[in-house]
Amino acid sequence: GYYTTSTKLFYILLGVLSAFTSVMLPRMSALISANNKDEFRSKINNSLDLVFMFTIPVIIWTIYLTPEIILLLSGKGYGGAIMPMRIISSMLFITGIAQICVIQILMPIKKDNVILIGSLIGAGVGILSARIGYWLLPYTKNVMHRITGWDAFVSPTIASGGVQVGVRLVPSRF
């Protein structure tokens with residue numbers, strides 16, 4: 001459907017970011033073992049710069065060219081995926097920052113317990129938020145429908161080792 005169509009490009013681009021952060025893990029771990037904190041901070045700053053330089057233009061490009069991207073990826077019958085794709089594309093930046101925090105900072109300094117606790121809290125909040133969003137949908141759907149033509153509720157989800165907030169869009173006939 002529309003949600004699957006709108007997430008195709010997101011997951012392709014997320015693969016690029018995930019590859020980068022995964023490749024940096026051994027280097028960051030080596031810097032921590034050698035107690036080279038200055039170089040560690042420098043690499044983190046370089047990674048953040050890369051996320052900014054990669055994601056911000058891609059988000060702007062995606063928002064601007066969404067109709068053409070949807071047409072290319074899925075065909076003419078998926079015009080309803082345009083607004084969800086525009087909203088989801090901004091999650092690329094948040095997910096990139098989360099991956100740097102988890103994979104390049106917390107894992108090398110052996111803070112697995114922080115990652116686990118954060119993931120459990122994120123899962124709990126996601127379940128609770130999805131329930132609350134589902135219950136509030138009848139009250140909020142008229143407002144969101146006027147703005148986007150879709151009904152929506154916000155729910156955090158766990159992705160790529162970090163917590164991200166996503167907007168769940170459902171057809172107005174829900």
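This text goes with the structure placed above it.
To start, this report covers the structure provided alongside it. Note that the structure is a prediction, hence the values are computed from the model and not measured.

1. So, the overall build of the chain
Okay, step 1: Tallying secondary structure elements over the chain gives 5 helices and 2 strands in all.
Okay, step 2: Mapped in sequence order, the helices and strands of the chain form the string α-α-α-α-α-β-β.
Okay, step 3: Looking at the chain as a whole, 34% of its 174 residues are labelled buried.
Okay, step 4: In the chain, of all internal contacts separated by at least 6 residues, the share reaching a separation of at least 24 is 62%.
Okay, step 5: For the chain, the exposed surface amounts to about 10000 Å²; the carbon and sulfur share of it is 68%.

2. Looking at the environment of Leu-31
Okay, step 1: Structurally, the position occupied by Leu-31 is in helix α1 (residues 2-33).
Okay, step 2: A C-alpha to C-alpha distance of 9.7 Å links Leu-31 and Arg-41, two positions 10 residues apart in sequence.

3. Considering the packing of α1 against helix α3 (residues 82-89)
Okay, step 1: At a minimum axis separation of 8 Å, α1 and α3 run at an interaxial angle of 35 degrees. For the element pair α1 and α3, the recorded crossing hand is right-handed. Contacts between α1 and α3 involve Tyr-3, Ser-6, Thr-7, Leu-9 and Phe-10 from the former and Pro-84, Met-85 and Ile-88 from the latter.
Okay, step 2: Per-class residue counts for the contact of α1 with α3 are 6 nonpolar, 2 polar and no charged.

Reading the values: rules and limits
Residues numbered from 1 in each chain as written. Predicted model: local features only at pLDDT ≥ 70, side-chain atom pairs only at ≥ 80, totals over all residues. Heavy atoms only, no water. Helix = DSSP H or I, 4+ residues; strand = E, 2+ residues; numbered from the N terminus. Buried < 20%, exposed > 50% of the residue type's maximum accessible area, 1.4 Å probe, protein only. Contact = heavy atoms within 4.5 Å. Areas by Shrake-Rupley, 256 points an atom, 1.4 Å probe, with all protein chains shown as cover. Axes fitted to C-alpha atoms, helices over the stretch in contact; angles between N-to-C directions. Left-handed = near helix turned anticlockwise from the far one by under 90°. Nonpolar A, V, L, I, M, F, W, Y, C, P; charged D, E, K, R; others polar.

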